[in-house]
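Secondary and tertiary structure notes
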Amino acid sequence: MAKKFYKPIRMCASCRKRDTQDKLLRLQCIEGSLIKYSGIGRSFYLCEDCLSQEKKLLKTIMRQCRSGEREIFTSRLKEIIADDRKS
């Protein structure tokens, strides 16, 4: 009998939908800048559905990061998403 491997379940910070960790994008804010998770510190997850809704996404990022400017977050998020899709 084959073993079933446990896949961690995480929650999207925007819509609160739960999904497996590998289907969500993990980000973090360090000193007011948005980056892909570096392995150290607090982070949050976003699902594919929320990544396509810019207004809802900006509100979530501003809430998670608690500082910074919208224009910086939108341009940086687009770079992160493009890099994530390449790999």
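Refer to the structure presented above.
Computed from a predicted structure; not experimentally measured.

In this section: the side chain of Ser14. Checked against the element boundaries, Ser14 lands in the loop between β1 (9-11) and β2 (18-20). Using a relative accessible area of 14% as the deciding quantity, one classes Ser14 as buried. One polar contact links Ser14 to Thr60, side chain to side chain, over a distance of 3.0 Å. Here Ser14 is in contact with Leu46, Cys50, Lys56 and Thr60, once residues within four sequence places are set aside.

To continue, consider helix α2 (residues 54-65). Given 3.6 residues per turn, any residue in an α-helix points the same way as the ones three and four places further on. With 12 residues, α2 should reach 16 Å at 1.5 Å per residue; the first-to-last C-alpha distance of 16 Å fits that figure. Among the residues of α2, Leu57, Leu58, Thr60, Ile61 and Cys65 are the ones counted as buried. Along the long axis of α2, the arc covered by the buried residues comes to 165 degrees, so they all point the same way. The exposed set on the far side of α2, more than 90 degrees from its buried face, consists of Lys55 and Lys59. Two residues or fewer past α2, Arg66 is found with a positive phi of approximately 60 degrees.

On to the side chain of Thr20. As for its placement among the helices and strands, Thr20 is situated in strand β2. In this structure the side chain of Thr20 is engaged in a polar contact, spanning 2.6 Å, whose partner is the side chain of Asp22. Setting aside residues no more than four positions away along its own chain, Thr20 makes contact with Lys7, Pro8 and Ile9.

On inspection of all chains with the given rule, the structure shows 2 salt bridges. Across the pair Asp49 and Lys17 runs a salt bridge whose closest N-O atoms are separated by 3.4 Å. Taken together, the residues span a long stretch of sequence, with Asp49 in helix α1 (residues 48-51) and Lys17 in the loop between β1 and β2 at a distance of 32 residues. Exposure remark for Asp49: the relative accessible area of 46% places this residue in the partly exposed category. The shortest N-O distance in the salt bridge between Arg76 and Glu79 comes to 3.0 Å. Placement of the pair is Arg76 and Glu79 together in helix α3 (residues 70-86), with a separation of 3 residues, close to one helical turn.

The rules behind the values
Residues numbered from 1 in each chain as written. Predicted model: local features only at pLDDT ≥ 70, side-chain atom pairs only at ≥ 80, totals over all residues. Heavy atoms only, no water. Helix = DSSP H or I, 4+ residues; strand = E, 2+ residues; numbered from the N terminus. Buried < 20%, exposed > 50% of the residue type's maximum accessible area, 1.4 Å probe, protein only. Polar contact = N/O pair within 3.5 Å; in protein donor to acceptor, adjacent residues only side chain to side chain. Contact = heavy atoms within 4.5 Å. Expected span 1.5 Å × (residues − 1). Arc of directions from axis to C-beta. Salt bridge = Lys/Arg side-chain N within 4 Å of Asp/Glu carboxyl O.

These figures come from the coordinates and say nothing about function on their own.
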